[in-house]
Amino acid sequence: MSTDTLTRVEIRPLPDSFAAEVVGLDLSQPVADEDFRRIHRAHLDHHVLVFREQRVTPEQQIEFSRRFGALEIHVLHQFHLNGHPEILIVSNIVENGQPVGLGDAGYFWHSDLSYKEKPSLGSMLLAQELPSEGGDTLFADQHAAWETIPPELQARVRHLKAEHSYLAKYEELRERSPWRPKLSDEQVARVLPVVQPVVRTHPGTGRLGLFVSEHFTTRIVGLPEAESRALLEELFQYATLPQLQYRHRWQPHDMVFWDNRSVLHLAAGCPDHLRRRLHRTTVQGDKPF
Ligand code: SIN
């Protein structure tokens, strides 16, 4: 029998949630093709996968992430892990007066890189240092959000398009935190606004999902400003209904891999004096349709 068929992986749905835990996998070892296929399927089905006790190096995180697609290099090069630009440091730690990572990466609900022509397929976040209190990450299921919207509103928004911009909240975040460097002209040129469907079809499952967020969506194309703002506010409320959320309470060495085509996420925050550091890889996805 080939090792390919000797799968050790169990997909265990988490109670009262769409998310699941992947049990029986050590990501510091090569992942067999059959295990990878099961993880890939589970990622489509559960949208958020939790891998416990993963003591992996940056190289191993990058290697596993790459099996899902090409990796993005985040525009904030200031927060790349030294020698590994594929890893973005998400951290509130300030050393010698300098932030070591992006401390407010998830301050508003968002889907990673929705401001790019090809937003992210999924992101992998590996816990390095966790606060003793707080620091959770919330995920909201955007297929369920779409299905919760009344039919009249669904018909109204089904074929609308919206603009997404990396800069939408940038200055607001810069004013309230030390983590946002002034962007160079070259950085600004890399994040020009894009237009995305308000409702996207998941390329892996065919399911419809809402694809707007309070962090990056600036306006609905073709609507007057006030109408666009009111409609977006209404959609944001459906997108983040508490009953559609999974709250991840981090444990040491957790790795969480979510599907940016299916969920929005938010960092719930922790007291400023407690240290929090995670490493993120971001897999490139397709142009939404
Ligand atoms: C992110 O938005 O990628 C970071 C989420 C978190 O810090 O919990």
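Predicted model only: the values in this text are computed from it and were never measured. Along each chain, residue indices are assigned from 1 in the same order as the chain's sequence is written. pLDDT decides what is reported in this predicted model: residues at 70 or higher carry local features, side-chain atom pairs at 80 or more are listed and counted, and totals for whole chains, interfaces and linings draw on all residues regardless. Values reported for side chains reflect all heavy atoms of the structure, with hydrogen atoms and water molecules removed beforehand.

Asker: Explain the sheet that holds strand β3 (residues 48-51) to me, please; I cannot follow it from the model alone.
Answerer: Backbone-to-backbone hydrogen bonds join strands into a sheet, with any given pair of strands oriented parallel or antiparallel. One open sheet accounts for eight strands, arranged β1-β2-β3-β16-β8-β18-β5-β4; its pairing is mixed. For this open sheet the edge positions go to β1 (10-13) and β4 (80-81), each flanked by a neighbour on one side alone. Bridging between β1 and strand β2 (residues 20-23) involves four bridges; their strand directions are antiparallel. Bridge assignment links arginine 12 to a residue of β2, and that residue is glutamate 21. Whether two residues are in contact is decided by their heavy atoms, any of which lying within 4.5 Å being enough. Angles shown run from 0 to 180 degrees and are taken between the N-to-C directions of axes, each axis being a line fitted to C-alpha atoms and, for helices, limited to the stretch in contact. Helical segments are the DSSP runs of H or I of at least four residues, strand segments are the runs of E of at least two, and each set is numbered from the N terminus. Against the sheet, helix α1 (residues 33-46) touches β1, β2, β3, β8 (120-129) and β16 (255-259), its axis set at about 130 degrees to β3. Its contacts with the sheet put helix α2 (residues 58-66) on β3, β4, β5 (84-91), β8, β16 and β18 (277-284), and the angle it makes with β5 is roughly 105 degrees. A pair of strands counts as paired when DSSP detects no fewer than two bridges linking them.

Asker: What should I look at first to understand the side chain of histidine 143 in this one?
Answerer: Topologically, histidine 143 is positioned in helix α3 (residues 142-148). The classification of residues rests on relative accessible area computed with a 1.4 Å probe and restricted to protein chains. Under 20% of the type maximum is buried, over 50% is exposed, and intermediate values are partly exposed. Under the relative-accessibility criterion, histidine 143 is labelled buried at 1%. Between N or O atoms, a polar contact is any pair within 3.5 Å; within protein, one atom must be a potential hydrogen donor and the other a potential acceptor, and residues adjacent in sequence are included only when both atoms are from side chains. A distance of 2.9 Å separates a polar side-chain atom of histidine 143 from the backbone oxygen of leucine 208. The contacts of histidine 143, once residues within four sequence positions are left out, are His47, His202, Arg207, Leu208, Gly209, Arg261 and Ser262.

Asker: Would you explain the confidence of the model for the protein chain in this entry?
Answerer: In low-pLDDT segments, the atomic positions of the prediction should not be examined closely. Predicted confidence across the protein chain gives a mean pLDDT of 95, with 98% of residues reaching 70 or more. Values of pLDDT, which run from 0 to 100, indicate the predictor's confidence residue by residue. Note on residues 1-5: pLDDT under 50 across the span, and six contacts to partners over four residues away in sequence or across chains.

Asker: How should I be thinking about the packing of aromatic side chains in this particular structure?
Answerer: The relative placement of two aromatic rings is captured by the distance of their centres and the angle of their planes. Think of it this way: a Phe, Tyr or Trp ring, Trp meaning its six-membered ring, pairs with another when their centres are within 6.5 Å, and the plane angle makes it stacked under 30 degrees, edge-to-face over 60, tilted otherwise. As enumerated under the stated definition, the model contains eleven aromatic pairs in all. Consider the rings of phenylalanine 139 and tryptophan 258, whose centres lie 5.2 Å apart with planes at 55 degrees: the pair is tilted. Of this pair, phenylalanine 139 sits in strand β9 (residues 137-141) while tryptophan 258 sits in strand β16, placing them 119 residues apart in sequence. Of the residues examined, tryptophan 258 reaches a relative accessible area of 1% and is grouped as buried. Following the ring pairs from residue to residue traces out a cluster consisting of Phe36, Phe51, Phe64, Phe68 and Phe257. Only when the NZ of Lys or the CZ of Arg is both within 6 Å of the ring centre and within 35 degrees of the ring normal is a charge said to sit over the ring. Sitting above the plane of the tyrosine 107 ring, arginine 176 keeps its charged end 3.8 Å from the centroid. Its guanidinium or amino end placed over the ring of phenylalanine 211, arginine 200 lies 4.7 Å from that ring's centre, counting from NZ or CZ.

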